[in-house]
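Close look at the chain arrangement
Here is how the chains run, residue by residue.
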Amino acid sequence: MQGEPQVINRPLGRLLTRASGKLVHPDAQVINLGDRFFYTLTRGLAFCVIFLVILLVLDLFRGSWEAIRQFGLKFLVGTTWDPVARQFGTLPTIVGTIVKAFIALLLAVPISIGSAIFISFYTPKWLRPVISYPIELLAGIPSIIFGLWGLFVMVPVIRVLQVWLKANFGWFPLFNGPAVYGVGVLAGSAILAIMITPIIAAISRDILLTVPRTQIEGMLALGATKWEAIWKVALPYARTGLLGAVILGLGRAIGETMAVTMVGGNSFDLIHSLFDPVHSMASQIASEFAEATYSLYVSSLIYVGLVLFGITIIISLLAQLLLWRLSKGRIAILE
Amino acid sequence: MSKEGYAVEGRQRDIDFHLPGNQPEMTPDETRLRVEELRAYYGKSLAVNNVTLSIKTKKVTAIIGPSGCGKSTFIRCLNRMHEVTPGARVEGKVLLDGGDLYGSGIDPVEVRRRVGMVFQKPNPFPTMSIYDNVAAGFKLNGSRDRRIIEDKVEKSLKMAALWEEVRSDLHKPGTSLSGGQQQRLCIARALAVDPEVLLMDEPCSALDPIATAKIEELIHELKDSVTIVIVTHNMQQAARVSDYTAFFYLGELVEFGATGDIFTTPEKRQTEDYITGRFG
């Protein structure tokens, strides 16, 4: 702790030099009481966040300890969720959650990146807010409203679509399921796609607007069409940021609770087709917590929460790894 | 210097007056680009006003003038790059071998393949290797054959005097090179498309003197195969590399002629004041 302030305060000293406009050597420890106070305050707040995360993880472990001891890792591959028989295995929900999230990405990414490209490169500046404001508005709508809309408006449409798909392409295993329910993997994925599209679109737009004009002009000057310049230069330039936007969308899709509870079908069976109803991990916890009457049941639900937490961490780590791989070799970009 | 101080009487300049073509002791040069009454606007503001001049085949034409005189805007009109900026538009004619680049039915994409451009700051594509940077434009409408592309990349890098320095690192990112090398990479990239005219917009302004010297040497070598128009705010550079010089001031072409004449016996006071360093 003795040497620490010197290291940490150095950038602060530099900042002060610039802000006050006085020529003070950056290494000089000219820090007044107010700065000291804010430094301590913000450091304390930063540690608060870390502390909260650690507390959360510890509490998840503590709460699920009974279930961990009882089922161990078999919990992750077990396919029975039977509170009456005191048997808990959560594989169907894990699969349901991940499948729905990825189908949602599949649907949402082309739409959102496409709209971001349109807003960033084809829309005149004055028109941009007209198009992007509704998108941002959509991102702020509470998920229960998506759920209601999904149940009353979207699910009937999906039902018709599913019946048609089954009648005409029923030989395809993914379309050979209980089509007439309407609620299920497809409906859940569709509502998730609608919910994450505005997030991915809004972030992607901001990312694409940061692509330097000189990059695009450099490609245009070689005789590229605008589309070629966007596809071959702007998108690769922005790829790490775009990937970040997609990961954020994926994160929301995996953790989303309310809307998927309403249109997902909430079955505990392993899915075999796109039409099968299935729970998501988050919706399972939310809908059963009130009914959990004995401690192993509660503990199992918290265990589901722990697994969900683990999955989001794994996804975020994989994303970091991917970003790191992508950005490797990008040394000092001259703009 | 105020605008009034250099107000030039409204006139239709007969710029060919200065050209060696009109001087019996020199062989007439062929015109590659003929610019007629060119006006370029940003929204309502006029950046280039009524410029008429001829750019000669396989010669280097330098555009000089103080900042904001419209010289960059002017060369961006020569490959239809000006109109890429929102709100920008162009009036007048730019004839490349007699055909108007702004004629109806002319595709700007096609124009830019014939008139290449190198920018002020080196702008290699950071996600592409050195090889892919050079091949980027060529692959757009060139052959997909690997061997043809490889040949083209090697030839272009040799033309840009970069081959020896990068031949063993072709797979490395273009941005791993030094600033001067990056700019030569951008020149190689432009040359790979086989342009008839190469526009250079202050290509050395972000480079150190040694890298600048290399680019200037390169310009000397390149003019055997391509017509070059270079914008520069460095008058020594214009004097060193160019055959013809155009002096722009406040969006107008003040004087145009053989570089030797412009720098030794300029016709206009403004030109003289600028090149002697009295303003600019």
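Thresholds applied
- Position numbers for residues count from 1 along each chain, tracking the sequence in the order it is written.
- For this description, chains carry letters from A and ligands carry numbers from 1, given in the order in which they are written.
- The model is predicted, so local features are restricted to residues of pLDDT at least 70 and side-chain atom pairs to those at 80 or more, both for listing and for counting; the totals for chains, interfaces and linings are taken over all residues.
- Here the side-chain values reflect all heavy atoms present in the structure, with hydrogen atoms and water set aside.
- Put simply, DSSP marks the helices as runs of H or I at least four residues long and the strands as runs of E at least two long, and each gets a number from the N terminus on.
- Whether two residues are in contact is decided by their heavy atoms, any of which lying within 4.5 Å being enough.
- Residue burial considers only the protein chains on display, and all accessible areas are found by Shrake-Rupley using a 1.4 Å probe.
- Strand pairing follows a simple DSSP-based rule, namely that at least 2 bridges must link the two strands.
- For patch building, the residue pool is restricted to those with more than 30% relative accessible area and no salt bridge; the joining distance is 9 Å between like charges and 5 Å between nonpolar side chains (Val, Leu, Ile, Met, Phe, Trp, Tyr).
- A side-chain nitrogen of Lys or Arg and a carboxyl oxygen of Asp or Glu constitute a salt bridge if their distance falls within 4 Å.
- Residue exposure (1.4 Å probe, protein chains only): buried if accessible area is under 20% of the type maximum, exposed if over 50%, otherwise partly exposed.
- An expected span of 1.5 Å times one less than the residue number is assigned to each helix.

The next subject is the overall build of chain B. Counting its secondary structure elements, chain B contains 10 helices and 10 strands. Here the contacts in chain B between residues at least 6 apart in sequence split such that 69% fall between residues at least 24 apart. Accessible surface, chain B as shown: approximately 12,000 Å² in total, 47% of it carbon and sulfur.

This part is about the pairing of strand β1 (residues 31-42) of chain B. Residue and element names in this part refer to chain B. Where β1 and strand β2 (residues 45-56) come together, 8 bridges link them in antiparallel fashion. The residue of β2 that forms the bridge with Leu-38 is Val-51. Where β1 folds back on β2, the antiparallel hairpin that results is connected by 2 residues, among which Gly-43 adopts a positive phi of roughly 60°.

All names here are of chain A. A surface patch of nonpolar side chains, amounting to about 650 Å² of accessible area, comprises Ile-144, Ile-145, Leu-148, Trp-149, Phe-152, Val-153 and Met-258. Element by element, the count of residues in the nonpolar patch is highest for helix α6 (residues 143-169), at 6 residues. Mapped onto the fold, Leu-148 is located in helix α6. Its relative accessible area of 40% is what places Leu-148 among the partly exposed residues.

Here we take up α6 of chain A. All names here are of chain A. The end-to-end C-alpha separation of α6 is 32 Å, well short of the 39 Å expected for 27 residues at 1.5 Å each. Every buried residue of α6 is accounted for by Ser-143, Phe-146, Gly-147, Gly-150, Met-154, Val-155, Ile-158, Gln-162 and Leu-165. For α6, the elements touching its buried residues are α5 (128-139), α7 (185-209), α10 (239-255) and α11 (258-263).

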